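# Breakdown of the fold
Chain by chain, the residues run as shown.
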Amino acid sequence: MATYMWETQIYPSEMFVESCGAILFDLSGRSRKVCLLHLVKKDHWVLPKGRRNCNETRQDAAVREVREESGYACRLRPVTMPTRAPSDLEAADVQDLARTYHGLTEPFFLEVRDLGKESGVKLVWWFIAEVDKSIPPAKSEIHFIPEFIDYEEAMHVLTFQKDRDMLSRAINLVEAAGWSGFQQWA
């Protein structure tokens, strides 16, 4: 039997779970804020995310989870970013290298959590989103108190470094597009 060239872990369906979340920006007017969730019981400040349902796209799961946890409706925002995924216009055998594409609503971050030998792994796909102000806010999940915080302050408020790293990257992607370019829906 041949030895595989890359170190690989495989997991049957009962040993992994997918979650989706989004960095939720309020890009209206001169606002430069992101939605953080205060998990009061643990006094943690986190980003909205949750498990993807069966037969649900990752994009739909991110939008739904943001709404459920924060109470705010949102839309995924297209950004310009590098990815190793090929464009739908490229040949199937295109070289596996990162290329930059415009107008993507693909995940900009993938978080992989090792849940231990008995539980497997959790994959969390992260997107960039903007509040949809045409839909009134709903009640957030009871565990969370949502708050829009200036994104510079949010970098200090977030409890976990991995969330600060993701927020920093999301801010860079939004800033690269020009803040004012995000005020109107495409």
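Predicted model only: the values in this text are computed from it and were never measured.

### Overview of the side chain of D163
Take D163: it is sitting in helix 3 (residues 161–177). Leave out the neighbours within four places in its chain, and D163 touches W45, V46, L47 and L158.

### Examining the pattern of salt bridges
What the rule picks out here adds up to 14 salt bridges. With a closest N to O distance of 2.8 Å, E18 and R58 form a salt bridge. With E18 in strand 1 (residues 16–26) and R58 in helix 1 (residues 58–70), this pair connects stretches of sequence that are 40 residues apart. Classification of R58 as partly exposed rests on a relative accessible area of 34%. One network of salt bridges, in which partners are shared, links E56, R64, E65 and E68.

### Observations regarding the packing of aromatic side chains
Considering all chains together, one arrives at three aromatic pairs under this definition. Plain terms: the ring middles of Y72 and F148 are 4.9 Å apart, the flat faces sit at 80 degrees to each other, and that makes the pair edge-to-face. Here Y72 is found in the loop between helix 1 and strand 5 (74–76), whereas its partner F148 is found in strand 10 (residues 144–150), with 76 residues between them in sequence. Classification of Y72 by relative accessible area gives partly exposed; the value is 23%.

### Focus: helix 3
Note: α-helices contain 3.6 residues per turn, so residues at a spacing of three or four share the same orientation. Taking 1.5 Å per residue as the helical rise, helix 3 with its 17 residues ought to reach 24 Å, and the 25 Å between its terminal C-alpha atoms agrees with that figure. Burial in helix 3 covers these residues: D163, R164, M166, L167, A170, I171, L173 and V174.

### Description of the confidence of the model for the protein
The pLDDT averaged across the protein works out to 91; a share of 95% of its residues lies at or above 70. Within the protein, the element-level pLDDT minimum falls on strand 7 (residues 99–104), averaging 93, and the maximum on helix 1, averaging 98. Confidence drops under a pLDDT of 50 for residues 181–186, and excluding neighbours within four residues, the segment shows 18 contacts in the predicted structure.

Calculation criteria
Residues numbered from 1 in each chain as written. Predicted model: local features only at pLDDT ≥ 70, side-chain atom pairs only at ≥ 80, totals over all residues. Heavy atoms only, no water. Helix = DSSP H or I, 4+ residues; strand = E, 2+ residues; numbered from the N terminus. Contact = heavy atoms within 4.5 Å. Salt bridge = Lys/Arg side-chain N within 4 Å of Asp/Glu carboxyl O. Buried < 20%, exposed > 50% of the residue type's maximum accessible area, 1.4 Å probe, protein only. Phe/Tyr/Trp six-rings, centres within 6.5 Å; stacked < 30°, edge-to-face > 60°. Expected span 1.5 Å × (residues − 1). pLDDT = per-residue confidence, 0-100.

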